[in-house]
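Descriptive structure summary
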Amino acid sequence: VRWRAINFAQLSTTRDSAIVTVDVTPPILNWVRELVSDDVLAVRDPRTGDVEYIGAEDFNILVQWEAFDPESYIDCRANIERCRFCIGTYPGACDASPKFVLDSPRQSEPVVREGGASVHLPENIKYYTMVVLHNGAGNVVWKYSNGFIVDKTPPICEAGAVFDGPSFDRTFIGYSLMENF
């Protein structure tokens, strides 16, 4: 913006303001996934490491997300002012953990951002991790993961069938026969 002031003697002064960027678009958030350390018993996606099942109630969870526009190859984290994540019992909820605020959301490397927290989650519930990004213009975007289940219960073998879960709903999960064990 440029200002020009003119007095009665027709003397003038011109000043320019700092550059103002109007941003009406929310940040881009492509995906969210959960990871746990290798010492925690878990079923993971072999390609991404995303956790599907966790065999412990107390663990440190690492949340990863990508803020990148694949069409323009632009790293969209540059305008992120604040980042939070939480865990809920349904997509979009934050009812299973407090909201964790992550430091330095503008970190330039890597493109995949991550943050972690120590959590205690009861078993046999599906949990979803949600990441919320705020940019400097006040726009907000959120995305949640595909979820994970905490399950510490070993499967049960009865009369040649294998069952899993505390409800003993007789859900067949598959088995293999071992001659020598």
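This text goes with the structure placed above it.
Quick caveat: nothing in here was measured; it's all calculated off a predicted structure.

Some details on the overall build of the protein
- For the protein, the count of helices and strands is 0 helices and 16 strands.
- Counting all 181 residues of the protein, 35% fall into the buried class.
- Taking as baseline every contact in the protein between residues at least 6 positions apart, the subset at least 24 positions apart corresponds to 58%.
- Approximately 11,700 Å² of the protein is accessible, and the part contributed by carbon and sulfur atoms is 55%.

Section: the packing of aromatic side chains
- The tally for this structure, following the rule as stated, stands at 4 aromatic pairs.
- On the numbers, 5.8 Å between centres and 35 degrees between planes, the contact of Tyr127 with Phe148 is tilted. Pair noted here: Tyr127 is in strand 12 (residues 126-135) and Phe148 is in strand 14 (residues 148-150), with a separation of 21 residues, a long-range link.
- By relative accessible area, which is 0% here, Phe148 ends up buried.
- An aromatic cluster is present here, built from Phe59, Tyr127 and Phe148 joined pairwise through their rings.

Remarks on the nonpolar core
- Grouped together as the largest cluster of nonpolar side chains are 28 residues, with contacts concentrated most on Ile54, Phe59, Trp65, Leu121, Val131, Leu133 and Phe148.
- Among the elements of the structure, strand 3 (31-36), strand 5 (51-54), strand 6 (58-66), strand 9 (80-88), strand 10 (100-102), strand 11 (112-120), strand 12 and strand 14 are those that each provide at least two residues to this core.
- Dropping the residues within four chain positions of it, Leu133 is found in contact with Pro27, Ile28, Leu29, Trp65, Ala67, Ile80, Arg82, Cys83, Asn139, Val140 and Val141.

Considering the side chain of Ser97
- Looking at the element boundaries, Ser97 is found in the loop between strand 9 and strand 10.
- Of the residues examined, Ser97 reaches a relative accessible area of 10% and is grouped as buried.
- A polar side-chain atom of Ser97 sits 2.9 Å from the main-chain amide nitrogen of Ile87.
- Beyond its immediate sequence surroundings of up to four residues, Ser97 is in contact with Cys86 and Ile87.

Observations concerning the pattern of salt bridges
- Under the criterion given, the structure shown has 2 salt bridges.
- Arg2 is the partner of Asp16 in a salt bridge, and the nearest nitrogen-oxygen pair spans 2.6 Å. Within this pair, whereas Asp16 is found in strand 2 (residues 12-16), its partner Arg2 is found in strand 1 (residues 2-6), the two being separated by 14 residues in sequence.
- One salt bridge connects Arg47 with Asp45, and the closest N-O pair in it is separated by 3.8 Å.
- Using a relative accessible area of 72% as the deciding quantity, one classes Arg47 as exposed.

What about a nonpolar patch on the surface?
- Together, Val20, Val22 and Val24 line one region of the surface with nonpolar side chains, adding up to about 350 Å² of accessible area.
- On the secondary structure map, Val24 appears in the loop between strand 2 and strand 3.
- Relative accessible area serves as the criterion here: at 66%, Val24 is assigned to the exposed category.

Cut-off values and rules
Residues numbered from 1 in each chain as written. Predicted model: local features only at pLDDT ≥ 70, side-chain atom pairs only at ≥ 80, totals over all residues. Heavy atoms only, no water. Helix = DSSP H or I, 4+ residues; strand = E, 2+ residues; numbered from the N terminus. Buried < 20%, exposed > 50% of the residue type's maximum accessible area, 1.4 Å probe, protein only. Contact = heavy atoms within 4.5 Å. Areas by Shrake-Rupley, 256 points an atom, 1.4 Å probe, with all protein chains shown as cover. Phe/Tyr/Trp six-rings, centres within 6.5 Å; stacked < 30°, edge-to-face > 60°. Core = buried A, V, L, I, M, F, W, Y, C linked by side-chain atoms within 4.5 Å. Polar contact = N/O pair within 3.5 Å; in protein donor to acceptor, adjacent residues only side chain to side chain. Salt bridge = Lys/Arg side-chain N within 4 Å of Asp/Glu carboxyl O. Patch = residues over 30% accessible without salt bridge, like charges linked within 9 Å, V, L, I, M, F, W, Y side chains within 5 Å.

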